[in-house]
Amino acid sequence: MNPNDYERECLIKEDRISELPDHIIHDILCFLPIKSAAQTIILSKRWKSLFSSIPDLDFTTMELHTRSSVNSSKDINFINNVFNLRDNNVSIRTLKLKSFVLSSTAFNCLTNYPNIMNIEELEVNLKTREIVNIPSNIINYKSLRVLRLNILCLDFKLTQPLMLKNREFKLLHTMILSQQSFLMFTHHDNRTTLLDIFTDSSFPYLKKLILESCYDLKELNVRCSELKDLVMKDCFELKKLDIYGLKLETLKVENCFDYIGTVKIRIIAPLMKVLKWVDMHSTHIPVLEKFNLLEKAVIGLFPSEVHFNNYFIEPDQIQSWSNMITALSHAKFLKFKFQSIEIFSRNDDKQILVNKFERLRKLNICIEYYRFNGYNNILAIATLFKNSPYLDTLIIKNTLIKCDRSLIICDRKQQLMSDSSDDKFWKSQIPEMRSFLNHLRRVKLKGFLECDKDISLVKFLLQNGKVLEEMILCFEFDSNLRFECQKKIKHMVTRWRRASCKVEVVFK
Amino acid sequence: MSSKKMITLKSSDGRIFEVEEAVAQESQTIKHMIEDGYGNSVIPLPNVTGRILYKIIEFCTKHVAVEEDIKQKSVEPTVVVEDVKQKSVEPTVVEDVKQKSVELPVDDDAWDAEPSDIDEWDAQFIDVDESTMFELIVASNYLNIKRLMDLSAQAIADMMKDKTVEEIRKIFNIQNDFTPEEEMKIRNENSWAYE
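In this text the structure is predicted, and so the values were computed from the model without any measurement. (Residues numbered from 1 in each chain as written. Chains lettered and ligands numbered in written order. Predicted model: local features only at pLDDT ≥ 70, side-chain atom pairs only at ≥ 80, totals over all residues. Heavy atoms only, no water.)

Let's talk about the overall build of chain A
Then comes step 1: Assigned secondary structure in chain A consists of 15 helices and 21 strands.
Then comes step 2: Counting every position in chain A, which comprises 508 residues, the buried fraction comes to 56%.
Then comes step 3: Residue pairs at least 24 apart in sequence account for 69% of intrachain contacts in chain A once pairs closer than 6 positions are excluded.
Then comes step 4: Summing over all exposed atoms, chain A offers an accessible surface of approximately 22,700 Å²; the carbon and sulfur share of this is 50%. (Helix = DSSP H or I, 4+ residues; strand = E, 2+ residues; numbered from the N terminus. Buried < 20%, exposed > 50% of the residue type's maximum accessible area, 1.4 Å probe, protein only. Contact = heavy atoms within 4.5 Å. Areas by Shrake-Rupley, 256 points an atom, 1.4 Å probe, with all protein chains shown as cover.)

Examining the overall build of chain B
Then comes step 1: A tally of helices and strands in chain B yields nine helices and three strands.
Then comes step 2: By the burial criterion, 38% of the 195 residues in chain B qualify as buried.
Then comes step 3: Taking the intrachain contacts of chain B between residues at least 6 apart in sequence as the baseline, contacts between residues at least 24 apart amount to 63%.

A short note on the packing of helix α6 (residues 130-143) of chain B against helix α7 (residues 146-160) of chain B
Residue and element names in this part refer to chain B.
Then comes step 1: It is at 9 Å that the axes of α6 and α7 come closest, and there the two elements cross at 145°. Our pair here, α6 against α7, has a crossing hand that is left-handed. Each of Glu130, Met133, Phe134, Leu136, Ile137, Ser140 and Asn141 in α6 lies in contact with α7, whose residues at this interface are Leu148, Met149, Ser152, Ala153, Ala155, Ile156 and Met159.
Then comes step 2: The residue inventory of the contact of α6 with α7, partitioned by class, reads ten nonpolar, three polar and one charged. (Axes fitted to C-alpha atoms, helices over the stretch in contact; angles between N-to-C directions. Left-handed = near helix turned anticlockwise from the far one by under 90°. Nonpolar A, V, L, I, M, F, W, Y, C, P; charged D, E, K, R; others polar.)

Describing the nonpolar core
Then comes step 1: In this structure, A:Phe59, A:Phe185, A:Phe198 and A:Trp277 are the most contacted members of the largest nonpolar core, which totals 190 residues.
Then comes step 2: Excluding residues that lie within four positions of it along the chain, A:Trp277 makes contacts with A:Val253, A:Phe257, A:Ile265, A:Ile267, A:His284, A:Pro286, A:Val298, A:Ile299, A:Gly300, A:Leu301 and A:Met324. (Core = buried A, V, L, I, M, F, W, Y, C linked by side-chain atoms within 4.5 Å.)

Focus on the side chain of A:Ser181
Then comes step 1: Residue placement: A:Ser181 occurs in the loop between β5 (174-179) and β6 (193-198).
Then comes step 2: With residues up to four places along the chain from it excluded, the contact list for A:Ser181 reads A:Leu149, A:Asn150 and A:Ile151.

Digging into unusual backbone geometry
Then comes step 1: Positive phi, close to 50°, is recorded for A:Ser213, a residue that is not glycine.
Then comes step 2: Inspection of the secondary structure puts A:Ser213 in the loop between β7 (208-212) and β8 (219-222).
Then comes step 3: Phi angles above zero are rare outside glycine, and B:Asn144 is one such case at about 60°.
Then comes step 4: Along the chain, the position of B:Asn144 falls in the loop between α6 and α7.
Then comes step 5: Among the residues examined, B:Asn144 registers a relative accessible area of 32% and is labelled partly exposed.

Some details on the environment of B:His63
Residue and element names in this part refer to chain B.
Then comes step 1: Within the secondary structure, His63 is located in helix α3 (residues 50-74).
Then comes step 2: Measuring from C-alpha to C-alpha, the distance between His63 and Glu26 comes to 8.7 Å, with 37 residues separating the pair along the chain.
Then comes step 3: Residues contacting His63, with those up to four places away along its chain left out, are Glu26, Ile118, Trp121, Asp122 and Arg147.

Focus on the packing of aromatic side chains
Residue and element names in this part refer to chain A.
Then comes step 1: In this structure the tally under the stated criterion is 16 aromatic pairs over all chains.
Then comes step 2: Geometrically, the ring pair formed by Phe425 and Trp426 is edge-to-face, given 5.5 Å between the ring centres and 65° between the ring planes. The exposure classification of Phe425 matches that of Trp426, with both residues buried.
Then comes step 3: Through successive ring pairs, a cluster of aromatic residues spans Tyr141, Phe169, Phe185, Phe198 and Phe203.
Then comes step 4: One Lys or Arg, Lys35, reaches over the ring of Phe78 and ends 5.7 Å from the middle of that ring.
Then comes step 5: Seen from the ring of Phe333, Lys362 lies directly overhead, with NZ or CZ sitting 5.1 Å from the centre. (Phe/Tyr/Trp six-rings, centres within 6.5 Å; stacked < 30°, edge-to-face > 60°. Lys NZ or Arg CZ within 6 Å of the ring centre and 35° of its normal.)

Details of the confidence of the model for chain A
All names here are of chain A.
Then comes step 1: Of all residues in chain A, 84% attain a pLDDT of 70 or more, and the chain-wide mean is 82.
Then comes step 2: The secondary-structure element of chain A with the lowest mean pLDDT is helix α1 (residues 3-12), recorded at 53, while β7 shows the highest, at 96.
Then comes step 3: Here residues 410-415 scores under 50 on pLDDT; set against residues more than four positions off or in separate chains, the count is eight contacts. (pLDDT = per-residue confidence, 0-100.)

What about the pattern of salt bridges?
Residues and elements named next belong to chain A.
Then comes step 1: Evaluation of the coordinates by the stated rule reveals 28 salt bridges over all chains.
Then comes step 2: Between Asp423 and Lys459 there is a salt bridge, with its nearest N and O atoms 3.3 Å apart. You can see Asp423 sitting in helix α12 (residues 421-429) and its partner Lys459 sitting in helix α14 (residues 452-464), a full 36 residues away along the chain. With respect to class, Asp423 is no different from Lys459; both count as buried.
Then comes step 3: What emerges from the salt-bridge pattern is a single network uniting Asp392, Arg441, Arg442 and Glu469. (Salt bridge = Lys/Arg side-chain N within 4 Å of Asp/Glu carboxyl O.)

Quick notes on the sheet that holds strand β2 (residues 16-20) of chain B
Residue and element names in this part refer to chain B.
Then comes step 1: Strands sit in the order β2-β1-β3 across an open sheet of three strands; the sheet is mixed. Every interior strand has two partners, whereas the edge strands, β2 and β3 (43-44), have only one.
Then comes step 2: Where strand β1 (residues 6-10) lies against β3, two bridges are found, and the strand directions are parallel. Residue pairing in the sheet places Lys10 in a bridge with Pro44 of β3. (Pairing = 2+ DSSP bridges.)

Considering the sheet that holds strand β14 (residues 287-288) of chain A
All names here are of chain A.
Then comes step 1: Pairing is parallel across the open sheet formed by five strands, whose spatial order is β6-β8-β10-β12-β14. Whereas interior strands pair on both sides, the edge strands pair on one side only; in this sheet they are β6 and β14.
Then comes step 2: Taken together, the four bridges between β8 and strand β10 (residues 240-244) define a ladder with parallel strand orientation. Its bridge partner being in β10, Val222 is matched across the sheet by Ile243.

Section: the pairing of β5(A)
Residues and elements named next belong to chain A.
Then comes step 1: Here β5 lies mainly inside the structure; six of its six residues are buried.
Then comes step 2: Alignment of strand β4 (residues 146-153) against β5, held across six bridges, turns out to be parallel. Of the residues in β5, the one forming a bridge with Ile151 is Gln179.
Then comes step 3: Bridging between β5 and β7 involves five bridges; their strand directions are parallel. Opposite Thr174, over in β7, you have Lys208 as the bridge partner.

What to know about the packing of helix α5 (residues 118-125) of chain B against α7(B)
The angle between the axes and the distance between the axes are what describe a pair of packed helices.
All names here are of chain B.
Then comes step 1: Following both chains from N to C, one finds α5 and α7 inclined at 60°, their axes separated by 10 Å at the closest point. As α5 runs across α7, the sense of the crossing is right-handed. Across the interface between the two elements, Ile118, Asp119, Asp122 and Phe125 from α5 touch Arg147, Leu148 and Leu151 from α7.
Then comes step 2: Tallied by class, residues from the contact of α5 with α7 come to four nonpolar, no polar and three charged.

What about helix α7 (residues 100-111) of chain A?
Then comes step 1: Along its twelve residues, α7(A) runs 17 Å from first to last C-alpha, staying within 8% of the 16 Å computed at 1.5 Å per residue.
Then comes step 2: Turning to α7(A), its buried residues number three or more, namely A:Phe100, A:Leu102, A:Ser103, A:Thr105, A:Ala106, A:Phe107, A:Cys109 and A:Leu110. (Expected span 1.5 Å × (residues − 1).)

Looking at the state of the cysteines
Residue and element names in this part refer to chain A.
Then comes step 1: Going through the model one piece at a time under the given rule, you end up with zero disulfides over all chains.
Then comes step 2: As a non-bridged cysteine, Cys30 has Cys109 as the owner of its nearest cysteine sulfur, 19 Å distant.
Then comes step 3: Counting only cysteine sulfurs, Cys235 is the nearest neighbor of Cys256, a cysteine outside any disulfide, at a range of 4.3 Å. (Disulfide = S-S within 2.5 Å.)

A look at the environment of A:Ala269
Residue and element names in this part refer to chain A.
Then comes step 1: When you line up the elements, Ala269 lands in the loop between β12 (264-268) and β13 (274-281).
Then comes step 2: Put simply, Ala269 and Thr199 are 70 residues apart on the chain and 15 Å apart in space, counted from C-alpha to C-alpha.
Then comes step 3: Those residues in contact with Ala269 that sit more than four places away from it in its chain are Gly245, Leu248 and Phe291.

Dropping the structure here:
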């Protein structure tokens, strides 16, 4: 083919991509790692101007060279050149940075350009032994909508607080502070408390706040009236928490609070819908007002160190727990994780789980068979059943901490037809569980162990659940060894009398 | 079940499409038009051909259905409270009232917890020829359907990823309008981009 024909053929096929409007090509470039996006400048004049006017710069997609100073200068060079290439009239909308050296380089570049004033989304990730100082015009309180900071520094004196007096972050709706980045918002004289930062005068539109791994944070007040979502994780030196959230709908607190000494926790959130309170000590009891709109609550407690063997709660704390459970009694879905049930069982469950959960439709319980609690958790389970008159779905997840073979039924010569003591216990509970048994439709038992406690429960529910539709029994993982046992169990279960004619028993 | 409100859309080439309101509202552009009161007449979309509109409706319908499915799995049936007051031993029948107006959080303890296949569906959906992909990205931008905008932008970016400049030029047939001298200059000044 001679050169002219070839040229003509190429012209017939259109260049559809370059015809796309600027903002669409900018979107496409954002899905490329920034180094690949930078290479497109050579494609054509239009592409060069496109990259130099891209509003979103995400340097976290850079694969950094190794730590040796020779190689990291390549990365510094890259950042410097990206900024040099930029069209000065185009403001930066999004800026995401990682590594101390590269962030510092970027901050230096930006001070030379006036177009930094309108950053809407800022993310900074760094780990350093040096002084951390983010220029205040980069954390632009007038334009910022999303702020994500992840700073780890050895000595918290090295993280400089921002000058925030009279600064109103008018547009900020999402803030994520990890590790020591919270230090930027503390006062000079007190670096461990955030008492008057999260308020309407500073963050009037904050909707979502996440505080993660904020070690060193000891006291926190949250008072933003537009806040809808608050997540706190691994803030384990916290001693005081005071939340006043008029529009707060979701609160997740995981593994927080100092387990030595007393803590003070108060939460006022009348519109709360979802509460997650997991990996928490049983001594850390929040003071709550009743959540009338609560949809879902997940509670996961572990016992305080001192009384580990006994799961004992101080008598004065029992009332506090009772109050907490009362605050949650409107929930539609409750999940008790870790050792909550064990703790309640050993500590006068009747007083703690005192309310009727009239709106409860779904209950998920995680229980453990552990020698220390004497395998005794049916008291709390029975109380829950009694107090959940309209429960529809029940999920129980068993975890066997230590395989105690004496538990496993197949190893014992047991009279399978006669009633064990557990069977008798359940039978005695029937009168108080009428409503529960008249409404329960679906049951799922995960980690079903072939031990008499599980068998008793299954038998009880099958023989008395009048509207039961589905019962799913999922065997333990390593059940290959006990295949014969499983067959025996299946055989036994299918032969029991059932209260509901619709029920379908499924083994998985 | 009361019948759902239908919205009528008209493509640039005159084809008429009737879709449920929920599906139409996946497009923020159409949603605003409905809010401004144009929902009862035919909504013209002069920037979208019938062929592409058909595909977009397919996308929106699927995603609305998937969201409904998730909501239903976490919605708890309500009990008709009157039944419970009878203290009889007879089993009370529970009524399944699907509360679509209740906004419950997505329940990760869903009864039948299954991994969602929607990402696979999306990948197959966007596996189309170049021409269609470009039309989709433009149309989804005009109609303001974020999920489809991101899906198509990502798909085009994937075509460019890990390719040399020459390869990208060839794939998309981008004309190099630099003179050889200009190109040399840019390459030298910007060798940093190619390290």
